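What follows is each chain in one-letter form.
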Amino acid sequence: MVNKIEHIGIAVKNMDDANVLFEKLLGVPSYKEETVESEGVLTSFFQTGTNKIELLMATNPESPIAKFLEKKGEGIHHIAFDVEDIHAEISRLKNEGFVLINEVPKKGADNKLVVFLHPKNTNSVLVELCQEIK
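The residue numbering used here restarts from 1 in each chain and proceeds along that chain's sequence as written. pLDDT decides what is reported in this predicted model: residues at 70 or higher carry local features, side-chain atom pairs at 80 or more are listed and counted, and totals for whole chains, interfaces and linings draw on all residues regardless. Only hydrogens and water are set aside; all other atoms, that is, all heavy atoms of the structure, feed into the side-chain values.

Let's talk about the side chain of D110
With respect to the secondary-structure elements, D110 resides in the loop between β6 (106-108) and β7 (112-117). The cut-offs for exposure are 20% and 50% of the maximum accessible area for each residue type, with area from a 1.4 Å probe on protein chains only; residues under the lower value are buried, those over the upper are exposed, and the others partly exposed. Look at D110 and you get buried, because its relative accessible area is 9%. Counted as a polar contact is a pair of N or O atoms within 3.5 Å, where, for protein atoms, one must be capable of donating a hydrogen and the other of accepting one, and residues adjacent in sequence contribute only when both atoms are in side chains. Within polar-contact distance, the side chain of D110 engages the side chain of K32 at 3.1 Å. Residues are treated as being in contact if the distance between any of their heavy atoms lies within 4.5 Å. When neighbours within four sequence positions are excluded, D110 is seen to be in contact with Y31, K32, E34, F45 and K52. Only DSSP runs of H or I with at least four residues qualify as helices, and only runs of E with at least two residues qualify as strands; both kinds are numbered from the N terminus onward.

As for the pattern of salt bridges
For this document, the term salt bridge refers to a Lys or Arg side-chain nitrogen within 4 Å of an Asp or Glu carboxyl oxygen. Counted by the stated rule, this structure contains 10 salt bridges. Among the ionic pairs, K106 bridges to E39, the shortest N-O distance being 2.6 Å. Of this pair, K106 sits in strand β6 while E39 sits in the loop between β2 (32-36) and β3 (41-48), and the two are 67 residues apart along the sequence. Here E39 falls in the partly exposed class, since its relative accessible area comes to 22%. One salt bridge in this structure joins K112 and E132, with 2.8 Å as the shortest N-O distance. Residue K112 is found in strand β7, and its partner E132 is found in strand β8 (residues 127-132); the two are separated by 20 residues along the sequence. Owing to a relative accessible area of 34%, E132 belongs among the partly exposed residues under this scheme. Salt bridges sharing common partners tie together E6, K32, E34, K52, D110, K112 and E132.

Remarks on the UniProt feature "domain: VOC" (unreviewed entry) in the protein
UniProt positions are given in the numbering used here, feature names are shortened, and annotations may be inferred rather than shown by experiment. UniProt tags residues 4-132 as "domain: VOC" (unreviewed entry). Along residues 4-132 the backbone is 24% helical and 41% strand, and the end-to-end C-alpha distance reaches 13 Å.

Examining the sheet that holds β8
Spatial ordering of the open sheet is given by β2-β3-β4-β1-β5-β8-β7-β6, a layout of eight strands whose pairing is mixed. Single-partner strands in this sheet number two, and they are β2 and β6. When strand polarity is set aside, the average angle formed by the axes of neighbouring strands in this sheet is 35 degrees. With four bridges joining them, strand β5 (residues 75-83) and β8 adopt parallel strand pairing. When the bridges of β8 are listed, D82 appears paired with C130. Lying over the sheet, helix α1 (residues 15-26) contacts β1 (2-11), β2, β3 and β4 (51-58), oriented at roughly 5 degrees with respect to β3. Across the sheet, helix α3 (residues 86-95) is in contact with β1, β5, β7 and β8; its angle to β7 comes to roughly 10 degrees. Whether two strands pair comes down to DSSP finding at least two bridges between them. Helix axes are fitted to C-alpha atoms over the stretch in contact, other axes to C-alpha atoms as well, and angles between N-to-C directions run from 0 to 180 degrees.

A look at unusual backbone geometry
The phi torsion at N111 lies on the positive side, around 60 degrees, for a residue other than glycine. In this structure, N111 sits in the loop between β6 and β7. Given a relative accessible area of 30%, N111 falls into the partly exposed group.

Description of the environment of E89
As for its placement among the helices and strands, E89 is situated in helix α3. On the basis of relative accessibility, which here comes to 2%, the residue E89 falls in the buried class. Along the sequence, E89 and E23 sit 66 residues apart, while their C-alpha atoms lie 34 Å from each other. Among residues more than four places away in sequence, those in contact with E89 are M1, V2, V83 and L129.

Below you can see the structure in the form of structure tokens.
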């Protein structure tokens, strides 16, 4: 079961510029920057109340974020949902006919296990499922 929106991911070209922009916009500084080597991405997180924004900048030209930026430019990349049991959600969603980009959860940023649903089944929205690593 999906608990809540965990965060909205936004692809950016320059992390320093984007951090300044979002700090001004949200009135809070980034609480964490983290590189996820397996995805070729640098992330920066902002939180206001229960809402989180994840900025994503490519660290290599072959990363999914680099390809997204090349094709679509800066902007909303994905929406992430918090789940209690990521394995149960994978099974449930596969049974519902959704196609997953990765069927085995992997370590993502901000201490999460993550899987992604293919946008062709979600009205062209990249959906991420997140479960806190305990």
